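The lines below spell out each chain.
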Amino acid sequence: MKAPDNGLIHVSEDRVFNLSNQRISYIFRVSPEGILEHVHFGGAIASGHGLSAGPRREFRGAVLEFQGIKHYQLDDTPQEYPLFGTSDSRQPALHVLNSAGNTVNTLLYKSHEVSSTKPKLPNLPNARGGNSRTLKVRLEDAVSRLEVTLSYTIYEHHNVVTRSAEIRNAGTEAVRLDSAMSSCVDLPQGEYELLHLRGSWSREFEVERVGVPQGRFVIESARGTSSNAHNPFLALMSKGTEEQHGDVIGTALMYSGNFAIAVEKNEFESVRITVGINPFNFQWRLEPSEIFSTPEAVHVFSNQGLDAMSQTWHGFVNDKVSPPQFSSKARPTYLNSWEAAYFNVNHDVVLGLADKAKALGVEMLVLDDGWFMGRNNDTSSLGDWQTDVGKFPQGIEETARQVKAKGLKFGLWFEPEMISKASQLYTAHPEWLIQVPDRVLSTGRYQHTLDLSRQDVVDYLFECLDSFLSTGLIDYIKWDMNRVMSEVGSTALPASRQLEVPHRYMLGLYRLVGKITSKYPNVLFENCASGGNRFDLGLLHFMSQGWVSDMCDPIGRLSIISGASYLFPLSTLASYIGPVPNHQNGRVSSVKMRKEVGFFAAARGLSLSEADLESAQEEIIDAISLYKATAQDLVEGRFHRIKNTGNEVCWQLNSKCGGRVYVGYYHVLSAPNLPFRRTKLVNLDASASYRLQCRNTNFGGDALMNLGFDLPYIDAMQEPDDNGDGHRMDPGDFVSRLLLFKRN
Ligand code: DGJ
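Caption draft 1: Molecular detail of the sheet that holds strand 21 (residues 334-336). Taken together, the eight strands give a closed barrel; going around it, the order is 21-22-23-26-27-28-29-30, and neighbouring strands pair in parallel fashion. Across the sheet, the mean angle separating the axes of adjacent strands is 30° when strand polarity is ignored. Lying over the sheet, helix 6 (residues 455-469) contacts strand 23 (409-414), strand 26 (476-479) and strand 27 (524-527), oriented at roughly 165° with respect to strand 23. Sheet contacts for helix 7 (residues 501-519): strand 26 and strand 27; angle to strand 26, the most-contacted strand, approximately 170°.

Here is the structure:
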């Protein structure tokens, strides 16, 4: 077999599929029986030797043999899209109740095609193609009359393979999908660990790392949103992997609803990753000739540890996932009204904040919750998207016009998917809520979810948003979503289709955001869900940035940014300097610390009252001017996690050209007589020299990477670092220092 050329995909005569770029390979083959067997996902394999041999077939006691074929045991055969019940007893990729009333199905290879264009998934977000090749492999079950097409895309410049599946009912009677996963990767026996991002409101993106035991470990959501409890991302790695070494397979689902990523290790220590829509509480009725398309799964491979995995995700998200018109566009600094005034907003308050914003050098004023009909607290009005004329007598348009006349951009908050029972919309359309008959509905923040599986609801919301955006006065939308789903059902669907509602909701949501964002491509959309309750690649495809957490205390944010950065580039993160004592955890921290943690996000701003803005005016002017001067580096730069002991965190950001290297060093709790700390930087030019600005000292790139440099020292007995030479931290708890190295 020839090595793949820059065509990226090579198919041998004996049907070995080799998807390779210069650095990674994804390889599978067709067994003599027609089963798609996984061969390899990892470092590049150009030679074809040994690839067509297939998995070992040996005698094993008390193990089933597929179709009675000697020693062919699917329980220990790595497969591409496995099914249950024909000698493989692990969780399958596909589970279908066929028209004969059983779930025994078998998929065999039929045909394949390779193309240089990457087809779009119907109604679902997907990574863009370009410098890529896509392979489609068609499998069939002649008995159940199921046809499955697996799609694989490999990229020349990214260490990424994307996968999805289409299931078609080629029979004459309906079948029921009980599970239709996007991808399955069966890995060889080995000692693995996994890392995933768990959390809750205001403590999103906590990193959890555990060894892979025998059995099944699942992260999932059944709440209707991808959720802050588990982000739809998981890294499976060789034991002992660190930031700079180790093999890692990262998996994420480009989807914003119920998902599951499972890692299963069986008695032969084979390890299976499955990813897709959560099979729990999911069913889909597929009529003859109908097709079900799964969301897209993205797999990345790094043989240089977690840092290289994150670099791959960051490059890929910027290049192929988030809206291209914003991916390298500096984000405006902003003043958001939420923690400045909460629901007490009106024309004068907004204009007052706008004056302050202008004087501080801020570029955009964002009017958050509280501006629409009767919305004085969170118990009412969601759904009634008309200006509260008591607060804004001449309409939001006039307020926006006056804000913009000051030379500021104007942004507006919406929570389109929600409805309050105390609203005109509910009186007119009680049937538009997500609901089941004869049950009292649970509430979340006093609100209910609109049924976006209904096209009339999607149309209504589009018109509401369009009526504001068509004025041309809005530069930015904060798209909020503050509750997860319960009592899930739709008044528009028959009983047999009620378990389809969560996925149909997502399809409706994607239709809505797809239509509105493509009609207004120059409006900056920010995805928010009580912070990061739906922060995923699915919505990032439409909205360039996300409100990663309501947690604005800098200590709380340290772990949130560290965690989110495993998958998400800084270009997608929004942050602001909020009030003290902090409204989420009560902590008091300096403006300096809030500014220097908030620095590591592309969309940066403030949410402070006029009084707070005044009392810290000088420091805030300084923060805003720093944010503006570095805005381009935040969207285009490369971020590295350098150190994280819990009490000490160190981050590095290199500008795109590498000429500026920002190092943030954060110290949580003080203690006496601490050891001196030194840290090594990464990804520098070894032969260049760099000047640490505040110390006026030169360092070789090789020295910074191999020897490191002295981190500022914390010592409560000493004077603070008055001359600003970056040798010492301020004394006390919650202190930070942002250092800048410039390449000479
Ligand atoms: C939750 C968001 O996370 C906050 O930033 C704010 O927009 C409120 N909702 C408004 O109700």
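Caption draft 2: Summary view of the pairing of strand 15 (residues 248-254). Of all seven residues making up strand 15, seven are buried, and the element is well covered by its neighbours. Burial along strand 15 is two-sided: the residues V248, G250, A252 and M254 and I249, T251 and L253 are all buried. Sheet analysis places strand 14 (residues 230-238) next to strand 15, joined by five bridges and oriented antiparallel. Bridge pairing in strand 15 places L234 opposite T251.

Caption draft 3: Structural context of the site of the ligand. Around the ligand, a shell composed of 13 residues is seen, among which D368, D369, K478, D480 and D550 lie nearest. W413 is positioned such that a nitrogen or oxygen atom in its side chain is 3.2 Å from an oxygen atom of the ligand. A distance of 3.5 Å separates an oxygen atom of the ligand from a polar atom in the side chain of W547. Here the shell around the ligand is composed, by residue class, of four nonpolar, three polar and six charged.

Caption draft 4: The packing of aromatic side chains, seen in detail. Going through the model one piece at a time under the given rule, you end up with 40 aromatic pairs. For the pair F17 and Y109, a centre-to-centre distance of 6.3 Å together with 50° between the ring planes defines the contact as tilted. With a gap of 92 residues between them, F17 in strand 2 (residues 16-20) and Y109 in strand 6 (residues 108-115) connect regions that are remote in the sequence. With a relative accessible area of 11%, Y109 lands in the buried category. Ring geometry for F414 against F468: centres 5.4 Å apart, planes inclined by 70°, an arrangement best described as edge-to-face. Of this pair, F414 sits in strand 23 while F468 is found in helix 6, placing the two residues 54 residues apart along the sequence. Take F414: its relative accessible area is 1%, and that puts it in the buried class. Sitting above the plane of the W547 ring, K478 keeps its charged end 5.3 Å from the centroid. The ring centre of F599 lies 5.1 Å from the NZ or CZ of R604, which sits over that ring.

Thresholds, definitions, all that
- Residues numbered from 1 in each chain as written.
- Predicted model: local features only at pLDDT ≥ 70, side-chain atom pairs only at ≥ 80, totals over all residues.
- Heavy atoms only, no water.
- Pairing = 2+ DSSP bridges.
- Helix = DSSP H or I, 4+ residues; strand = E, 2+ residues; numbered from the N terminus.
- Axes fitted to C-alpha atoms, helices over the stretch in contact; angles between N-to-C directions.
- Contact = heavy atoms within 4.5 Å.
- Buried < 20%, exposed > 50% of the residue type's maximum accessible area, 1.4 Å probe, protein only.
- Near = heavy atom within 4 Å.
- Polar contact = N/O pair within 3.5 Å; in protein donor to acceptor, adjacent residues only side chain to side chain.
- Nonpolar A, V, L, I, M, F, W, Y, C, P; charged D, E, K, R; others polar.
- Phe/Tyr/Trp six-rings, centres within 6.5 Å; stacked < 30°, edge-to-face > 60°.
- Lys NZ or Arg CZ within 6 Å of the ring centre and 35° of its normal.

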